[in-house]
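Here is what each chain is made of, one letter per residue.
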Amino acid sequence: MDGLPEDLVCARPVLGTIRALGYVFSNRPDEAEASLHDAERCLAGERPNDQARAVLGRIAVIRAAISRFSGDIERSVSLGHEALQLLPESDATSRERASAYAHVALTYQVTGDVHPADERPLEEAVTAFSAAHTLLPLLSSINRLGKFRTMQGRLGSAHATYERAAAAVLDRAGHSEVVNGAAYYAGMGEIYLQWNDLHSAERYLRQAVVLASGGLTVGADVVTESYLSLARLHEARGHTVEAGAALDELLGLARQRAFFYQLIERGEAARASLALRQDDLATAVEWAEGYGNATETTYTREEQHLTMVRVLLRRAGNASGSYLNEALVLLDRMLTAAAGAGRTDSVIKILVLQALALKANDERTAAIQTLERALVLGEPERYVRVFVDEGAPMAALLKDLIEARRTTLHDQQSGGPLRYARRLLTHFHPSDPRGSPSSSVVHDRQQPVNDTLTSREREVLELIAGGLSNRQIAARLYVATSTVKSYTNSIFRRLGVGSRTQAVAEARALHLLPD
C-alpha cells in the first residue's frame, strides 16, 4: 500500500481506508488516522452519492475501532451511529454495517444499562456477523454478549454464552486455543473466579493475559479486565506480590499504548485496594485524595467508587463519623443507579459494602438485612468471591446473620440465605491474610465444617448426590466428561473414599451437602 502512487490512492479513497486498517492492526493508530484524513480530503467536493457515502461510512467504522481499541467506548458508540447513518444498505456494505452495529451495541458499557431490551443491539450484531460469514467479529459479538449477561448477574447464562463462541469456532474453523480471543478467556476466567474455582480461573486468565499483551490489537477494556481479574486471583490465593506485579504490568501497558484515562484510573484504584489489604492505609489514602470527590455515579467509574468506599471504611475505623456518612451516601447513590440499570452484579457488590458500612455505623439490624438481600441475589448464581474478598469483617457479619436468623421467626423464611451464609463461611481459611473467622465461627450443628473442597468440587459433589452420571454432570457444567472424572477422583481422594455412594455418605456426615 505504501508503494502505491498517492494520486492513485486519492483517486480511489477506499484504498486509503484499506491502508488505515493495516495501520490499525499493526498498533499504529496515529498513522491510521492520518490515512483516514487523507481519504476524507480526497472525497472533499464530491457529491454525496452512494459510493462516497460508503467510503465515509467505512471511515467512521474504522475510527470507531480505533476508539474501541484505546478504550474510549463512548466515542466508539457515537462513531458507530454515524457510520449507520452514512452507509447505504446494500450487500456491498454488509460487513461495514455489521461492524457499525457491533460498535453501537457497546452502549451498555458506557451507560451500564443491561435491561433485557438492551440486549437487542448485541443480538442484532451477532445475527449480522453470522449472516455476513465473518467469524472473528461474530466471536467478538458473542463475547460481548457474555459480558453483558455477567453484568446482569446471570453468571450461568454468561458462561453458556461464552461457550457459544467456542462452539462457533468448532463449527467453522476447527479447534484453536487462541481464536476466541482475549475477551473469551477473560470472561470465562472472571466467572470461574467469582465461583471460587481458582484452578479453572487461572487457566483462562493466564491465556487472556497472553493474548491481551500480544502483537495483535486487543480492546483496551479487555486488556484491563484480564489483568485486573488475574490480580484478584493472586489476591484470592494470598499472593500479594504477584498481584502487585500484574497491576504494574497493566499500568505499564496502559501508558505505553495510551489507554483511555478511565481505564488507567481502574488500574490505579485496584492498586489502592491492594494496598488496603496489605494494611498500607497511607498509600490508599494518597490515591483517594488524588482521585478527588466521588460525586458522579456513572458505570465507567463504579470500580473506582467501590475502592473509595473501602478507603473511607478503613479510615473510619471502629468509630462513626464523617467518613462513614460519606461512604453510606455514595453507596446509596450507586445502589440506586445500578438497580435502575438492571446491573445485578453491581448491586450485589454494592450491597456487600453497604452491609459492612452499616455495621461499622452500629446499625447491626440494617446491616444484616442488607447482607441478606445480597445473599438472596447471589445464591442462585453461586457468587462467592464478592463476599469472601472482604475478609474478616464479612465473615463476622455472616456469623451475625446466622446467629440472628436461626433464633428468630425469620429462620424458616430465611432458610436459603442461612444455608448460603454457612456455605460461604467454609471458604474463609486461616491462611487468608485478610483474616479468618475460624476462631470464632458460630457453632451450629447444621453448619458445614471448614473443608478443603473447591467450589467446583462441591458443585460436582452435589450433582453426584442428585444421582447424575458423569456425562450428565459434564453437560450441566459445560465441561468435558474427562474433567468431571478428574473432579470426582479428587473428591474421593479428599474424603478418603472409593465410590460415589461412600462419597455422598461421608459428605452428609461432614455436613458438606446442603440440607
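A few points on the structure. All figures in this text were calculated on a predicted structure; none of them were measured in a lab.

Conventions and cut-offs
The residue numbers shown here count from 1 along each chain, following its written sequence. The predicted origin of the model limits local features to residues at a pLDDT of at least 70 and limits the giving and counting of side-chain atom pairs to 80 or more, whereas totals for whole chains, interfaces and linings rest on all residues. With hydrogens and water stripped out, all remaining heavy atoms of the structure feed into the side-chain values. Any Lys or Arg side-chain nitrogen found within 4 Å of a carboxyl oxygen on Asp or Glu counts as a salt bridge. Helix numbers and strand numbers start at the N terminus; a helix is a DSSP run of H or I with at least 4 residues, a strand a run of E with at least 2. The cut-offs for exposure are 20% and 50% of the maximum accessible area for each residue type, with area from a 1.4 Å probe on protein chains only; residues under the lower value are buried, those over the upper are exposed, and the others partly exposed. Two rings from Phe, Tyr or Trp (for Trp, the six-membered ring) form a pair when their centres are within 6.5 Å of each other. A pair whose planes differ by under 30 degrees is stacked, one over 60 is edge-to-face, and the rest are tilted. Lysine and arginine charges are scored as sitting over a ring when NZ or CZ, respectively, is within 6 Å of the ring centre and within 35 degrees of the ring normal.

## A few points about the pattern of salt bridges
Logical step 1: In this structure the tally under the stated criterion is 32 salt bridges.
Logical step 2: Across the pair R456 and D197 runs a salt bridge, and its minimum N-O distance is 3.5 Å. Taken as a pair, R456 in helix 25 (residues 455-465) and D197 in the loop between helix 11 (181-194) and helix 12 (198-212) lie far apart in primary sequence, 259 residues in all. With respect to burial, R456 and D197 carry one shared label: buried.
Logical step 3: With its nearest N and O atoms 2.9 Å apart, the salt bridge here joins R255 to E268. With R255 in helix 14 (residues 240-256) and E268 in helix 15 (residues 261-277), the pair connects residues that are 13 residues apart, well separated along the chain.
Logical step 4: A cluster of three or more residues bridged by salt bridges with shared partners is formed by E119, E123, R149 and R154.

## Some points on the packing of aromatic side chains
Logical step 1: In total, this model carries eleven aromatic pairs according to the counting rule given.
Logical step 2: Measuring from ring centre to ring centre gives 5.2 Å for Y108 and F148, while their planes differ by 75°; the resulting arrangement is edge-to-face. Here the residue Y108 occupies a position in helix 7 (residues 107-111), and F148 occupies one in helix 9 (residues 135-151), the gap between them amounting to 40 residues.
Logical step 3: Y108 sits in the buried class, given a relative accessible area of 2%.
Logical step 4: Owing to a relative accessible area of 0%, F148 belongs among the buried residues under this scheme.
Logical step 5: Aromatic pair F387 and Y420: ring centres 6.0 Å apart, planes at 85°, arrangement edge-to-face. Taken together, the positions of F387 in helix 21 (residues 385-388) and Y420 in helix 24 (residues 415-425) put the pair 33 residues apart, joining distant regions of the chain. Across this residue pair, the class does not change: F387 and Y420 are buried.
Logical step 6: Taking NZ or CZ as reference, R382 lies 4.0 Å from the ring centre of W195, over its face.

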